[in-house]
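Summary of structural features
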Amino acid sequence: MEETLKQLRAAHQPVPVPLELPTHEDLVDVEEEVLLPIPREMRRFLLLASDVVTGSLEPVTAADPHAHNYLPEVAAVAWAMGLPRYLLPLCEINGNYYCVEPEGEVLFWRDGDLTDESWDDVWQWTREVWLES
């Protein structure tokens, strides 16, 4: 995780309105909104890396309820589209979702179905997908 976080920070692109990292209280608020616990590594990802802007993907955030990629809003849309309710979206791409299951594995949901693509955790997904986008 530490090496991946260093790679992310090195790839970060400054933007006019920077993203903020959430607090633990922000994550409690998000959990109350989505009625699900945030898996442990996803929680760490949100606390440590959700302010990074790089590549073509925009993972969810948890600090600003007005952001277009605010986790509860992304989740509501994803679930309305049929994403199974036990999964938390990590990143939307063209109406498809990278999502995190309760044990922390990242899955890819495309065209209304889970695919065979998976990553052990958000850090592996970050290295293999987000940093390569």
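Look a little higher up for the structure.
Report follows, based on the coordinates. (Residues numbered from 1 in each chain as written. Predicted model: local features only at pLDDT ≥ 70, side-chain atom pairs only at ≥ 80, totals over all residues. Heavy atoms only, no water.)

**With respect to the packing of helix α2 (residues 24-34) against helix α4 (residues 71-80)**
Two elements in contact, α2 and α4, have axes whose closest approach is 9 Å; the angle formed by their N-to-C orientations is 20 degrees. Classified by the angle between their axes, α2 and α4 sit roughly parallel to one another. For the pair α2 and α4, the crossing hand works out as right-handed. Contacts from V30, E33 and V34 in α2 reach L71, P72, A75 and W79 in α4. (Axes fitted to C-alpha atoms, helices over the stretch in contact; angles between N-to-C directions. Helix = DSSP H or I, 4+ residues; strand = E, 2+ residues; numbered from the N terminus. Parallel < 35°, antiparallel > 145°, perpendicular 65-115°, else oblique. Left-handed = near helix turned anticlockwise from the far one by under 90°. Contact = heavy atoms within 4.5 Å.)

**Examining the packing of aromatic side chains**
Under the counting rule described, the total for this entry stands at 7 aromatic pairs. Summarising the aromatic geometry, the rings of W125 and W130 are spaced 6.3 Å apart at their centres and angled 25 degrees between planes, so their arrangement reads as stacked. As far as the burial class goes, W125 and W130 line up, both buried. What links up through ring pairs into an aromatic cluster is the set F45, Y98, F108, W119, W123, W125 and W130. For the cation-ring pair, R85 lies above W79, with the distance from its terminal atom to the ring centre recorded as 3.6 Å. (Phe/Tyr/Trp six-rings, centres within 6.5 Å; stacked < 30°, edge-to-face > 60°. Buried < 20%, exposed > 50% of the residue type's maximum accessible area, 1.4 Å probe, protein only. Lys NZ or Arg CZ within 6 Å of the ring centre and 35° of its normal.)

**Details of a negative patch on the surface**
Taken together, the side chains of E25, D29, E32, E33 and E73 present a region of like negative charge at the surface. Of all the elements, α2 adds the most residues to the negative patch, at 4 residues. Relative to the elements of secondary structure, E25 occurs in helix α2. By relative accessible area, which is 55% here, E25 ends up exposed. (Patch = residues over 30% accessible without salt bridge, like charges linked within 9 Å, V, L, I, M, F, W, Y side chains within 5 Å. Areas by Shrake-Rupley, 256 points an atom, 1.4 Å probe, with all protein chains shown as cover. Salt bridge = Lys/Arg side-chain N within 4 Å of Asp/Glu carboxyl O. Lys, Arg positive; Asp, Glu negative; His and termini not counted. Charge placed at Lys NZ, Arg CZ, Asp CG, Glu CD.)

**Side note on the nonpolar core**
Counting residues in hydrophobic clusters, the biggest one holds 40 residues, and the most contacted among them are M42, L46, L90, Y98 and W125. The set of elements that each furnish at least two residues to this core consists of α1 (2-11), α2, α3 (40-49), α4, β1 (88-93), β2 (96-100), β3 (106-110) and α5 (122-130). Excluding residues within four positions of it along the chain, L46 makes contact with L21, P22, L27, I38, V60, T61, A62 and L71. (Core = buried A, V, L, I, M, F, W, Y, C linked by side-chain atoms within 4.5 Å.)

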